[in-house]
Amino acid sequence: ITNLAGTITYANERFCELSKYSREELIGKNHRIINSGLHPKSFFTEMYSTLKQGNVWKGEIRNRARDGGYYWVATTIAPLKNEKGIIYQYFAIRTDITKRKQVEESLKLHEIELTLQNEELRKTQVDVDIARARYFDLYNMAPVGYCTVTSTGIIIDANFAAIKLF
């Protein structure tokens, strides 16, 4: 829970576990204490704009824990209003989605690796096709006859010179 200025006024035990800060270290501090630096300023500007209009904000945020590690939370923040309808604080519910985000990042990296490998395979295939075309040109245009014969003596391939000879 934060006040209107974004100062933390309450943190439950789970938030302390995730952030690796004690409740005493969090209370009275702004959420900038856990800002990972990943999200642009506009991300938070839009979030606070939504909240100041009295609307609920939902999103995914990467935070930095006290030990320097990062964690992700699916976040829902609701403005709380007094009996006159005036917003007096914000209440956030966060769910740890770090493992899911790690899997997503791993999948993205694998996708990039596969894309690079596919491009390399395409280039190799082009090289193989060029080499094969050169081989067939040399094979077919050779002045001597060449043919491929099975172990039982059946001719399965012959170049132009061999065809002329036969």
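The rules behind the values
- Residues numbered from 1 in each chain as written.
- Predicted model: local features only at pLDDT ≥ 70, side-chain atom pairs only at ≥ 80, totals over all residues.
- Heavy atoms only, no water.
- 1 Å grid on protein atoms, 1.4 Å probe; cavity = no way out; pocket = protein on both sides within 12 Å on 5 of 7 lines; lining within 4 Å.
- Points joined across faces, edges and corners; volume = space filled by probe spheres on them.
- Helix = DSSP H or I, 4+ residues; strand = E, 2+ residues; numbered from the N terminus.
- Nonpolar A, V, L, I, M, F, W, Y, C, P; charged D, E, K, R; others polar.
- Buried < 20%, exposed > 50% of the residue type's maximum accessible area, 1.4 Å probe, protein only.
- Contact = heavy atoms within 4.5 Å.
- Core = buried A, V, L, I, M, F, W, Y, C linked by side-chain atoms within 4.5 Å.
- Expected span 1.5 Å × (residues − 1).
- Pairing = 2+ DSSP bridges.
- Axes fitted to C-alpha atoms, helices over the stretch in contact; angles between N-to-C directions.

(A) Representation of the layout of surface pockets in the model. The volume enclosed by the largest pocket comes to roughly 780 Å³. If you go around the largest pocket, you meet 30 residues; those closest to its centre are Thr2, His31, Ile77, Ala92 and Arg94. Of all elements in the fold, only helix H1 (13-19), helix H3 (41-52), strand E1 (57-64) and strand E3 (87-96) reach the threshold of two or more residues within the lining of the largest pocket. Here the residues of the lining of the largest pocket are counted per class, giving 19 nonpolar, 7 polar and 4 charged. Leu38, Arg62, Tyr70, Trp72, Thr98, Lys101, Gln102, Glu104, Glu105 and Lys108 together form the lining of the second largest pocket. For the lining of the second largest pocket, the secondary structure elements donating two or more residues are strand E2 (70-81) and helix H4 (98-141). When residues of the lining of the second largest pocket are assigned to their parent elements, the largest contribution, 6 residues, is made by H4. A class-by-class count of the residues in the lining of the second largest pocket yields 3 nonpolar, 2 polar and 5 charged.

(B) Quick look at unusual backbone geometry. Even without a glycine there, the phi angle at lysine 20 is positive, about 65°. With respect to the element layout, lysine 20 can be found in the loop between H1 and helix H2 (23-26).

(C) How the structure looks around the side chain of asparagine 63. Within the secondary structure layout, asparagine 63 lies in strand E1. Taking the relative accessible area as the measure of exposure, asparagine 63 reaches 4% and is therefore buried. Setting aside its immediate chain neighbours within four residues, asparagine 63 contacts Ile34, Ser36, Gly69, Tyr70, Tyr71, Val73 and Arg94.

(D) Just the nonpolar core, in detail. In this structure, Leu26, Trp57 and Tyr71 are the most contacted members of the largest nonpolar core, which totals 20 residues. Elements that contribute at least two residues to this core include exactly H1, H3, E1, E2 and E3. The contacts of tyrosine 71, once residues within four sequence positions are left out, are Phe15, Leu18, Ser19, Ile34, Ile61, Arg62, Asn63, Arg64, Ala65 and Thr98.

(E) Main features of H3. Taking 1.5 Å of rise per residue, 12 residues should cover 16 Å, and H3 covers 16 Å from first to last C-alpha, within 8% of that figure. Looking at the buried positions of H3, the neighbouring elements they touch are E1, E2 and E3.

(F) Summary view of the sheet that holds E3. Here 3 strands make up an open sheet; going across it, the order is E1-E2-E3 and the pairing antiparallel. Among the strands making up the open sheet, the edge pair consists of E1 and E3. Pairs of neighbouring strands in the sheet enclose a mean axial angle of 35°, with direction left out of account. Note that E1 and E2 share 8 bridges and pair antiparallel. Bridged to arginine 62 within E2 is tryptophan 72. Strand contacts of H3: E1, E2 and E3, with the helix running at about 140° to E1, the strand carrying the most contacts. Across the face of the sheet, H4 comes into contact with E1, E2 and E3 while running at roughly 130° to E2.

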